[in-house]
Amino acid sequence: MSDTSDFAAQVEALRPQLLRFARSQLRNDAWAEDAVSETLLAALEKPHSFAGRSQLKTWLVAVLKHKVIDQLRRHAREATVLTTDDGEDLDESLFDDSSRGHWREMPPDWGSPEAHLGQRQFFEVLEACMDHLPPTQGRVFMMREWLELSTDEICKELQITATNLWVLLHRARLRLRECLQQHWFNNARPA
Amino acid sequence: MKIRRTCRDVTRLVLESQDRPLGALEALSLRLHWLACGGCRRFRDQQQLMQQAMDRWRQYRDGD
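Residues numbered from 1 in each chain as written. Chains lettered and ligands numbered in written order. Predicted model: local features only at pLDDT ≥ 70, side-chain atom pairs only at ≥ 80, totals over all residues.

1. As for the interface of chain A and chain B
Note the cut-off: Two residues qualify as a contact pair if the distance between their C-beta atoms, derived from the backbone, is within 7 Å. What counts as a helix is a DSSP run of H or I of at least four residues, what counts as a strand is a run of E of at least two, and both are numbered from the N terminus. Three classes are used, and their members are as follows: Ala, Val, Leu, Ile, Met, Phe, Trp, Tyr, Cys and Pro are nonpolar, Asp, Glu, Lys and Arg are charged, and the others, Gly among them, are polar.
If you look at the interface, chain A gives 25 residues, while chain B gives 24 residues. Secondary-structure elements contributing two or more residues to the side of chain A that touches chain B are helix 4 (53-74), helix 8 (113-117), helix 9 (120-131), helix 10 (135-145) and helix 12 (162-185) of chain A. With six residues, the single largest contributor to the side of chain A that touches chain B is helix 12 of chain A. Here the residues of the side of chain A that touches chain B are counted per class, giving 13 nonpolar, five polar and seven charged.

Below, the structure is given as structure tokens:
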């Protein structure tokens, strides 16, 4: 009996982290709560004995990813609504108007990856930047980068065209780059 | 099919190459452009750093 309650306690202890992951992907508290509840219920229905906490977490995250995709599919229309932020075209600020379409400013040299990727704070900034993407861009970007869905799969789940998707990913990647420039690379002291 | 491209176009292709394979002529046009354009080389290097960052981030996420 204590095994079961231990298991339930271990599962419950992972709820905050699962919620953080779900919110980061879904950008909607209600959907995230639903996805996490469904995940925990699925876990509690199957109290396998896990060798360790890390295996339990891995399994829960895998289940969560499926539940999150269910939420995206269920709420596809709302999940793909564009806000004014989504419409902002960074290309205009980056390139000049001439037919040559040159850079207005030379992109800065970010230096070697290891100078930055060895620092924990870099990843905190990266996550904050991802969480700050406009909601629809953020969802689509995370479907590529966290759920690792193909572009075809994303289009199918969200019922959007490939063209819509390219535009969203293009904007998300440029936004992320800009956010990192402002909040990390402008102040960076390489490790 | 264009062989000479603007920086705006090269940027679009560099970003798209992260989500689809580029055609042979597209890839060639990028390499040609990079020979002459330091700005786009910088952007390419930035994107490589970002891709490595995302790979590392994914590992952290799953492993933490």
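2. Quick word on the domain arrangement of chain A
Many descriptions give the size of an interface as the accessible area lost when the pieces come together. Residues and elements named next belong to chain A. Test applied: All the domain ranges listed were derived from an automatic or database domain assignment.
Here chain A is described as being made up of domain 1 (2-74) and domain 2 (78-185). One C-alpha centre belongs to domain 1, the other to domain 2, and the line joining them spans 27 Å. At the interface, eight residues of domain 1 touch 11 residues of domain 2. Elements supplying a minimum of two residues to the side of domain 1 that touches domain 2: helix 2 (15-26) and helix 4. For the side of domain 1 that touches domain 2, the leading source of residues is helix 4, giving four residues. Among the residues forming the side of domain 1 that touches domain 2, the class breakdown is three nonpolar, two polar and three charged.

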